[in-house]
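Topology and contacts: notes
Residue-level listing of the chains:
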Amino acid sequence: MKDANALTPQIKLTKMIDSLAPSDVKTKRLIIFSPSFMQNLSTILDHTSRETIQTYLIWKVIQTYASAVEAEETKPYMRFRNELQGKVSSFLRILACF
Amino acid sequence: MDRDKIKKDGVKPLLEIIKQITDMFPVNKRHTDEGDLGYTIGYLAKLGVTAFVSLGASADDKDPDVVVVQVTTPDSIGLPAKDYYEDTNIVYVFLEFAIDCYILETYRSCRKKYEETLVQVVNATHPSNAIRNIAHNVVELEKKLASASPDAEDK
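Residues numbered from 1 in each chain as written. Chains lettered and ligands numbered in written order. Predicted model: local features only at pLDDT ≥ 70, side-chain atom pairs only at ≥ 80, totals over all residues. Heavy atoms only, no water.

1. A word on the overall build of chain B
Along the backbone of chain B there are six helices and two strands. Going residue by residue from the N terminus, the α and β elements of chain B occur as α-α-α-β-β-α-α-α. Split into buried and exposed, the 155 residues of chain B put 42% on the buried side. Put simply, of all contacts in chain B between residues at least 6 apart along the chain, 40% involve residues at least 24 apart. For chain B, the accessible area works out to roughly 8800 Å², and carbon and sulfur atoms hold 50% of it. (Helix = DSSP H or I, 4+ residues; strand = E, 2+ residues; numbered from the N terminus. Buried < 20%, exposed > 50% of the residue type's maximum accessible area, 1.4 Å probe, protein only. Contact = heavy atoms within 4.5 Å. Areas by Shrake-Rupley, 256 points an atom, 1.4 Å probe, with all protein chains shown as cover.)

Dropping the structure here:
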């Protein structure tokens, strides 16, 4: 576990597990699919301000929940997403002609 | 699902989660090594939100008292694919493939619109005087995350 924490000290993987797994579970095992990514992540976080990280987290929540709420505030994101879907499918259509 | 209730609640459910995040991970704290980021990521994972890493928890097949947590790179950083974060030389690509030129131009203007959208929606839910600057930093952060992520074929 200590080694896991050392990969990305800014995240403290043990705290992540505490938050995720039920509290009554005593033993937790951790599988990290890409330790090199976790190290890269550590370097990236080292150069990122807390304000940017906080806004990134807020942005992820917005992206996940925008389609589940009906609000003026989130409409620009829904519009952007629909437009993007349109562009991706146009690209696939053009690609299909070759 | 009650459509009228969803309409009536408007942006409130979203604002509640955002408040949780700002409480769990306040900006005015000196050190990032206290584990509050890890805790917040775990909390968001429970809500179905992927931030920095993709998390999954399941019971160990050999011992039900053991929980196995898997940490993987996210499938999507924000924009649909890694490619959307690339900074490539358009002129070079135009000489090679006209069709690629269309796509790359789309990636760049797409990122610009993405950043604009970020400014609008985050400012509406969590206003800040520095929103334009922060939004740019968030997209730059996503660019770095995309760069650090394995390609789809290598996953």
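2. Section: the pairing of strand β1 (residues 54-59) of chain B
Residues and elements named next belong to chain B. Relative to strand β2 (residues 66-72), β1 runs antiparallel, the two being bridged by six bridges. Looking at β2, one finds that Leu55 is bridged to Val71. What sits between the antiparallel neighbours β1 and β2 is a turn of six residues. (Pairing = 2+ DSSP bridges.)

3. A few points about the packing of aromatic side chains
Enumeration over the complete set of coordinates arrives at six aromatic pairs over all chains. Between A:Trp59 and B:Tyr114, the aromatic rings sit 5.5 Å apart at their centres with planes inclined by 65°, giving edge-to-face as the arrangement. Taken together, the residues span two chains, with A:Trp59 in helix α4 (residues 50-65) and B:Tyr114 in helix α5 (residues 98-125). By relative accessible area, B:Tyr114 is classed as buried at 0%. Pairwise contacts between aromatic rings join A:Trp59, A:Tyr77, A:Phe80 and B:Tyr114 into one cluster. Directly above the ring of B:Phe25 sits A:Arg50, whose terminal nitrogen or CZ lies 4.0 Å from the centroid. (Phe/Tyr/Trp six-rings, centres within 6.5 Å; stacked < 30°, edge-to-face > 60°. Lys NZ or Arg CZ within 6 Å of the ring centre and 35° of its normal.)

4. What to know about the interface of chain B and chain A
Taken together, the contact pairs 79 residues of chain B with 60 residues of chain A. Together, the buried faces of chain B and chain A total about 6700 Å²; carbon and sulfur atoms form 73% of this surface. For the interface between chain B and chain A, the tally reads four salt bridges. Where chain B meets chain A, there are 21 residue pairs in polar contact (both at pLDDT 80 or more). Listed by contribution, the elements that provide at least two residues to the side of chain B that touches chain A are α1 (3-9), α2 (12-24), α3 (36-46), β1, β2, α5 and α6 (131-148) of chain B. The class makeup of the residues in the side of chain B that touches chain A is 46 nonpolar, 21 polar and 12 charged. (Buried area = accessible area lost by both parts, 1.4 Å probe. Salt bridge = Lys/Arg side-chain N within 4 Å of Asp/Glu carboxyl O. Polar contact = N/O pair within 3.5 Å; in protein donor to acceptor, adjacent residues only side chain to side chain. Nonpolar A, V, L, I, M, F, W, Y, C, P; charged D, E, K, R; others polar.)

5. Some details on the pattern of salt bridges
Once their charged atoms are close, side chains differing in charge can pair, the charge on each being opposite to the other. For the structure on display, the rule yields 10 salt bridges over all chains. Across the salt bridge formed by A:Arg50 and B:Asp36, the nearest N and O atoms sit 2.8 Å from each other. Here A:Arg50 is found in helix α4, whereas its partner B:Asp36 is found in helix α3 on a different chain. Neither A:Arg50 nor B:Asp36 differs from the other in exposure class; each is buried. Here B:Glu142 and A:Lys60 are joined by a salt bridge, their closest N and O atoms 2.9 Å apart. With B:Glu142 in helix α6 and A:Lys60 in helix α4, this residue pair bridges two chains. The same class applies to B:Glu142 and to A:Lys60, which are both buried.

6. So, the nonpolar core
Core analysis: the largest hydrophobic core is formed by 65 residues, its most contacted members being A:Leu41, A:Leu57, A:Trp59, B:Leu37, B:Phe52 and B:Val53. Considering every element that reaches this core, the biggest residue donor is α6(B), with nine residues. If near-sequence neighbours (up to four positions away) are discounted, A:Leu41 is found in contact with A:Thr8, A:Ile11, B:Phe52, B:Val53 and B:Leu145. (Core = buried A, V, L, I, M, F, W, Y, C linked by side-chain atoms within 4.5 Å.)

7. Focus on the layout of surface pockets
In this structure, the largest pocket occupies an estimated 330 Å³ of space. In terms of lining, the largest pocket is formed by 18 residues, of which the most central are A:Gln63, A:Tyr77, A:Arg81, B:Ser76 and B:Gly78. Counting only elements with at least two residues in the lining of the largest pocket, the list comes to α4 and α5 (75-96) of chain A. With five residues, the top contributor of residues to the lining of the largest pocket is α5(A). Of the residues that constitute the lining of the largest pocket, the class distribution is eight nonpolar, seven polar and three charged. (1 Å grid on protein atoms, 1.4 Å probe; cavity = no way out; pocket = protein on both sides within 12 Å on 5 of 7 lines; lining within 4 Å. Points joined across faces, edges and corners; volume = space filled by probe spheres on them.)

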